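Results of the structural survey
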Amino acid sequence: MELLRDLDNVPDALKGGVLTVGVFDGVHLGHQEVLGRAVERARGLGSAAVAFTFHPHPLAVLRPAEAPPLIQTFGQKLEMLRAMGVAAAVWPRDVPGVLATPPADFIREVAGRAFKVRAMVEGEGFRFGAGGAGDEALLARVAGEMGFDVEFVPHVQVDGERVSSTRIRDLVGDGRVDEAARCLGRPYSYTGTVVEGHHRGSRLGYPTVNVSAPRFLRPAEGVYAGWAAVRGRRYPAAVSVGRAPTFGDGDPVTVEAYLLDFDGELYGEQVTLEFVERLRPQETFADAEALKARMADDCRRVREVLA
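Residues numbered from 1 in each chain as written. Predicted model: local features only at pLDDT ≥ 70, side-chain atom pairs only at ≥ 80, totals over all residues. Heavy atoms only, no water.

**What to know about the overall build of the protein chain**
Tallying secondary structure elements over the protein chain gives ten helices and 14 strands in all. Considering only C-alpha atoms, the protein chain reaches an extent of 75 × 40 × 35 Å along its principal axes. Looking at the protein chain as a whole, 48% of its 307 residues are labelled buried. For the protein chain, the share of sequence-separated contacts (at least 6 apart) that also reach a separation of at least 24 residues comes to 73%. Accessible surface for the protein chain amounts to roughly 14200 Å². Of this, 48% is attributable to carbon and sulfur atoms. Side chains of the protein chain carry 36 positive and 42 negative charges; the gap between the two charge centres is 2 Å. (Helix = DSSP H or I, 4+ residues; strand = E, 2+ residues; numbered from the N terminus. Buried < 20%, exposed > 50% of the residue type's maximum accessible area, 1.4 Å probe, protein only. Contact = heavy atoms within 4.5 Å. Areas by Shrake-Rupley, 256 points an atom, 1.4 Å probe, with all protein chains shown as cover. Lys, Arg positive; Asp, Glu negative; His and termini not counted. Charge placed at Lys NZ, Arg CZ, Asp CG, Glu CD.)

**Re helix H8 (residues 177–184)**
For H8, a buried count of six out of eight residues is recorded, marking the element as mostly surrounded by other parts of the structure. Among the residues of H8, those classed as buried are Val 177, Glu 179, Ala 180, Ala 181, Cys 183 and Leu 184. Contact partners of the buried residues in H8: helix H1 (29–45), strand S7 (157–158), helix H7 (165–173), strand S9 (188–195), strand S11 (222–230) and strand S14 (270–280). Looking at the residues trailing H8, positive phi occurs at Gly 185, about 85 degrees.

**Quick notes on the pattern of salt bridges**
Taken as a whole and assessed by the stated rule, the structure comprises 26 salt bridges. With a closest N to O distance of 3.0 Å, Arg 41 and Glu 151 form a salt bridge. Of this pair, Arg 41 sits in helix H1 while Glu 151 sits in strand S6 (residues 149–153), and the two are 110 residues apart along the sequence. Its salt-bridge partner being Glu 79, residue Arg 82 comes within 2.5 Å of it at the nearest N-O pair. Of this pair, Arg 82 and Glu 79 both sit in helix H3 (residues 74–84), three residues apart, which is roughly one turn of that helix. (Salt bridge = Lys/Arg side-chain N within 4 Å of Asp/Glu carboxyl O.)

**Description of the sheet that holds S6**
Taken together, six strands build an open sheet; the order of strands is S1-S4-S3-S2-S5-S6 and the sheet is parallel. This sheet does not close on itself; its edge strands, each paired only once, are strand S1 (2–4) and S6. Averaged over all adjacent pairs, the angle separating strand axes in this sheet is 20 degrees, with direction ignored. Pairing of strand S3 (residues 49–52) with strand S4 (residues 88–90) involves three bridges; the strand directions are parallel. Bridge assignment links Phe 52 to a residue of S4, and that residue is Val 90. Across the sheet, helix H6 (residues 136–146) is in contact with strand S5 (119–123) and S6; its angle to S6 comes to roughly 155 degrees. (Pairing = 2+ DSSP bridges. Axes fitted to C-alpha atoms, helices over the stretch in contact; angles between N-to-C directions.)

**Re the packing of H1 against H3**
Between two packed helices, what matters for the description is the angle formed by their axes and the separation of those axes. Contact pair H1 / H3: the axes reach a minimum separation of 10 Å and the direction vectors enclose 40 degrees. With respect to H3, the element H1 is oriented oblique. Helix-helix and strand crossings are classified by hand; for H1 and H3 the assignment is right-handed. For the pair H1 and H3, contact is made by Gln 32, Leu 35, Gly 36, Val 39 and Arg 43 and by Met 80, Leu 81 and Met 84, respectively. Classifying every residue of the contact of H1 with H3 by side-chain character gives five nonpolar, two polar and one charged. (Parallel < 35°, antiparallel > 145°, perpendicular 65-115°, else oblique. Left-handed = near helix turned anticlockwise from the far one by under 90°. Nonpolar A, V, L, I, M, F, W, Y, C, P; charged D, E, K, R; others polar.)

In structure tokens form, the structure reads like this:
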């Protein structure tokens, strides 16, 4: 898959195909439906599917204080697009300029001049252009003027509700990671760097990795069953999100994982934690021995859940 940063020299092989535009925040089931349809239509035309996307979220540029936390890394997004059959992703250098472009001008520039598309595929309720002023009716009108087709894919529903990035953030923030997984089509994952911790887990016989990811969406406090992906392998993991209340209230919220079948140090390395199920809320124990006994029980339950 090609990654384009501007539209000045688009390869001929990417012209005359199908374009889809969106943040694709998390590439959830709704996004997958849109992207899959774009790829399907491109294959039917014997051409390329192109995704025009943003990273980080446009609100990080327009109103940084309102920008939502990340659901996935940009690399993870690109890998999912590639795996679905998208031929190229456009990641614009001048995001403020793109976001300030009037809707009709944006379509004429990107779909028309740059890619000379034969079709566009978007999700139901698609908004675009400066201030989100562009809507389905405007896109259909401009597409008609320019001679290409446009298709709007209906919203995907899970458990009777529309799948959206906002819903996923709410579910993860509530600790309902199993429900979030049903909307994502995979477990919610949290990617960060292993940093130095207090070494309390080591003293208890359960050495944990402390994963720092300041811009990522963090699940609700509690203990979770999940997987830890590192060095090309996945390990069963008991993941704790919280402040270690047994040892006082002064600590910040941290994300720590005990990798059940791993032995070694990972400081400075990148780890991806996949959250499968919330086992329990954070608890305060009478002493370290009581905590240690509960950790043993947590590890047993992790194996049961992942089995």
